[in-house]
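# Chain and residue survey
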Amino acid sequence: MKQAFLFLVLSLLMGSFVVLMLATIQAETEETQQNISENTKTPFTEGCNKCHGDEDAYKEWTQAGHSHALVNLLEGPYEVKTSCLSCHSSGYETFAEYGIPGHPYNEKTAVNAVACSSCHSHTSKEEHLLVLPAKKLCVTCHKMDCGCAGAGIVHQSQTEMFLGREGAGVRRMPSPHVRAMKKRCVHCHMAEVEPSTDGQPIEEKHGGHTFKADFSTCSSAGCHDTADNDMTKKLPLYRAEIEAKMKEVKAVLDNAKDKTSQSYIDAKLNYDMVKGDSGYGLHNVPYARALLEHSLSLKSEIK
Ligand code: HEC
Ligand code: HEC
Ligand code: HEC
Ligand code: HEC
Ligand code: HEC
């Protein structure tokens, strides 16, 4: 008798649990559906601008690359796959996860560029409501390996160069800035506005949500501001050195008849990495030098 009663209570409990679960899923689905229908009305679909539209972050964002990422993808010369949207558009995760019937998420329906929610969420516990700590954020998208093999694209190599890895025949060699800069990419690319002497923000402020880095960061932190460590003098020298080495490697690659040998592939990978990094290995000059020197050491094996 007692057992039967217990069984009844248990099954009732289980039953209501299942009903509750279903109701939650239903509610979530409705909410998502509502979000989706709201989110397809305007080009800037996230609604962050309703409250943040007057802030510098929003205005800066509209001026630079991230806000054009979707258009550039769709109008670019490559075959576009839905997976490209994981880095070129916001909302991929949410939409792809729920996969609501009637709301396919693909290159025809996507409306967001790399927008606020690619990097922020009001439900996040991180500083500035970032979806990932600053040091981990940029490298999720800015990497050579975009998982889009076959599309014929070599994506830029800032992450691999900065962290000094993935090259052929060279040991790991992180840029000294990896240690010196807690926020890594953000440190240079979103450098903070420095007030001028009269307390007003200086006109040519750099970074922020345009994500543009410039070389004034080098001296502003008191790092490269001594005569023997002056980057304005050193950078042109680095540049000349790396460009000369690149030319040498390119000549070797151009003259090769067998483009399938491992030596050719390794030499070309290293060359592409340096080239893909803003031209001359800027994000890690010692690593760029080592990569190119390894390529040159393979010269006799490349036929
Ligand atoms: C590519 C990533 C990225 C995108 C896109 C982005 N942010 Fe940010 N945002 C950041 C990072 C990183 C910080 C923290 C900077 C720091 O720690 O110095 C930040 C800081 C902020 C801050 C606080 C500090 C400040 O600069 O005012 C606000 C507000 C903000 N973002 C709003 C926005 C809004 C609104 C959008 C959309 C228009 C947006 N962000 C898009 C990465 C991003
Ligand atoms: C209904 C108004 C509203 C909407 C919509 C809204 N926010 Fe906010 N947000 C706020 C308020 C209020 C704060 C807290 C005050 C502050 O720091 O500006 C805040 C804070 C933030 C911060 C922290 C700023 C800092 O200094 O660290 C970020 C980042 C942010 N919101 C991003 C977003 C993003 C991304 C969206 C869109 C997905 C969004 N917000 C949508 C009102 C809003
Ligand atoms: C969701 C993926 C994603 C994240 C996260 C991301 N980026 Fe980007 N970023 C892109 C894409 C895609 C482009 C190419 C935009 C285009 O079409 O020009 C880009 C372009 C850029 C550019 C060139 C801008 C220009 O005006 O041409 C810089 C610099 C940059 N990102 C820096 C950063 C930094 C720093 C971070 C971290 C705070 C970051 N990005 C995080 C995807 C991302
Ligand atoms: C892992 C993230 C990621 C994926 C996946 C990805 N991209 Fe990108 N893409 C980026 C970033 C970051 C940039 C900006 C820096 C650069 O050029 O590498 C970019 C830049 C580009 C550009 C140059 C934009 C310009 O300013 O002209 C094109 C074109 C492009 N991607 C096409 C594609 C295509 C096509 C796919 C899918 C087959 C794809 N990408 C998948 C991250 C990604
Ligand atoms: C030590 C400072 C510094 C750090 C750290 C840094 N960058 Fe840069 N980055 C620069 C400078 C300076 C440029 C060149 C800007 C120019 O040529 O005007 C640049 C160029 C770029 C470009 C090309 C921009 C364009 O307009 O084509 C991208 C993309 C980029 N960086 C992404 C990153 C990413 C991702 C990280 C982190 C893995 C990173 N950077 C770390 C200073 C830095």
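The sections below set out a description of the structure shown in this document.

### Points about the overall build of the protein chain
Along the backbone of the protein chain there are 15 helices and 0 strands. Taking all 303 residues of the protein chain together, 30% fall into the buried category. Accessible surface for the protein chain amounts to roughly 19600 Å². Of this, 59% is attributable to carbon and sulfur atoms.

### Overview of the site of ligand 3
Inspection of the region around ligand 3 gives 19 residues, with His66, Asn72, Cys138, Cys141 and His142 positioned closest. A distance of 2.8 Å separates a nitrogen atom of ligand 3 from a polar atom in the side chain of His66. His142 is positioned with one of its side-chain polar atoms (N or O) 2.8 Å from a nitrogen atom of ligand 3. Among the secondary structure elements, those contributing two or more residues to the shell around ligand 3 are helix 4 (69-75), helix 5 (85-88) and helix 11 (185-189). Counting residues per element, the shell around ligand 3 draws most heavily on helix 11, at 3 residues. Looking at which domains feed residues into the shell around ligand 3, each of domain 1 (47-131) and domain 2 (158-301) supplies at least three.

### Regarding helix 15 (residues 285-297)
For helix 15, with 13 residues, the first-to-last C-alpha span of 18 Å sits near the 18 Å given by 1.5 Å per residue. Taken together, the buried positions of helix 15 are occupied by Val285, Tyr287, Ala288, Ala290, Leu291, Leu292, His294, Ser295 and Leu296. Residues of helix 15 that are buried make contact with helix 9 (158-163), helix 13 (231-255) and helix 14 (262-275).

### A closer look at the site of ligand 4
Lining the immediate environment of ligand 4, one finds 17 residues, of which Cys84, Cys87, His88, His155 and Gln156 sit closest. Residue His155 places a side-chain N or O atom 2.8 Å away from a nitrogen atom belonging to ligand 4. In the environment of ligand 4, an oxygen atom lies 2.7 Å from a nitrogen or oxygen atom belonging to the backbone of Gln156. Within the residue set of the shell around ligand 4, elements represented by two or more residues are helix 4 and helix 5. Residue classes in the shell around ligand 4 are distributed as 9 nonpolar, 6 polar and 2 charged.

### Considerations on the nonpolar core
Of all hydrophobic cores here, the largest spans 27 residues; its most connected members are Met161, Ile242, Val274, Tyr287, Leu291 and Ile302. Within the residue set of this core, elements represented by two or more residues are helix 13, helix 14 and helix 15. Setting aside chain neighbours within four positions, we find Tyr287 in contact with Glu160, Met161, Gly164, Arg165, Glu166, Gly167, Val170, Arg171, Met173 and Met273. Within the second largest apolar cluster, 8 residues are counted, among which are Leu73, Val80, Leu85 and Tyr105.

### A closer look at the side chain of Ser263
Structurally, the position occupied by Ser263 is in helix 14. Dropping the residues within four chain positions of it, Ser263 is found in contact with Leu298, Glu301 and Ile302.

### A look at the coordination of the iron atom of ligand 3
The protein atoms that coordinate the iron atom of ligand 3 are His66 (NE2) and His142 (NE2), at distances spanning 2.0 Å. Exposure remark for His66: the relative accessible area of 25% places this residue in the partly exposed category. The exposure class of His142 is partly exposed, given its relative accessible area of 39%.

### Considering unusual backbone geometry
In the Ramachandran plot, His128 falls in the positive-phi region, its phi being about 55° despite a non-glycine side chain. Within the secondary structure, His128 is located in the loop between helix 7 (116-119) and helix 8 (134-137). A relative accessible area of 57% means that His128 is categorised as exposed. In this model, Arg184 sits at a positive phi of 50°, which is unusual for a non-glycine residue. The residue Arg184 is located in the loop between helix 10 (177-180) and helix 11 in this model.

### Examining the coordination of the iron atom of ligand 4
The protein atoms that coordinate the iron atom of ligand 4 are His88 (NE2) and His155 (NE2), at distances of 2.0 Å. Taken together, the 6 donor atoms coordinating the iron atom of ligand 4 span angles of 87 to 180° at the metal, a pattern that classifies the geometry as octahedral. You can see His88 sitting in helix 5 and its partner His155 sitting in the loop between helix 8 and helix 9, a full 67 residues away along the chain.

### A short note on the state of the cysteines
Taken as a whole and assessed by the stated rule, the structure comprises 0 disulfides. You can see Cys218 has no disulfide; the closest cysteine sulfur is in Cys188, sitting 7.1 Å from it.

### Points about the packing of helix 13 against helix 14
Close contact between helix 13 and helix 14 brings their axes to 10 Å; oriented N to C, the two are set at 145°. Considering only the axes of helix 13 and helix 14, their crossing is left-handed. Each of Ile242, Met246, Val249, Lys250 and Leu253 in helix 13 lies in contact with helix 14, whose residues at this interface are Tyr264, Ala267, Lys268, Tyr271, Val274 and Lys275. Considering only residue class, the contact of helix 13 with helix 14 consists of 8 nonpolar, no polar and 3 charged.

Calculation rules
- Residues numbered from 1 in each chain as written.
- Chains lettered and ligands numbered in written order.
- Predicted model: local features only at pLDDT ≥ 70, side-chain atom pairs only at ≥ 80, totals over all residues.
- Heavy atoms only, no water.
- Helix = DSSP H or I, 4+ residues; strand = E, 2+ residues; numbered from the N terminus.
- Buried < 20%, exposed > 50% of the residue type's maximum accessible area, 1.4 Å probe, protein only.
- Areas by Shrake-Rupley, 256 points an atom, 1.4 Å probe, with all protein chains shown as cover.
- Near = heavy atom within 4 Å.
- Polar contact = N/O pair within 3.5 Å; in protein donor to acceptor, adjacent residues only side chain to side chain.
- Domains from an automatic or database assignment.
- Expected span 1.5 Å × (residues − 1).
- Contact = heavy atoms within 4.5 Å.
- Nonpolar A, V, L, I, M, F, W, Y, C, P; charged D, E, K, R; others polar.
- Core = buried A, V, L, I, M, F, W, Y, C linked by side-chain atoms within 4.5 Å.
- Donors = N, O, S within 2.8 Å, 3.2 Å for Na, K, Ca; no water.
- Tetrahedral: all angles 85-135°; square planar, octahedral: opposite > 155°, others 65-115°.
- Disulfide = S-S within 2.5 Å.
- Axes fitted to C-alpha atoms, helices over the stretch in contact; angles between N-to-C directions.
- Left-handed = near helix turned anticlockwise from the far one by under 90°.

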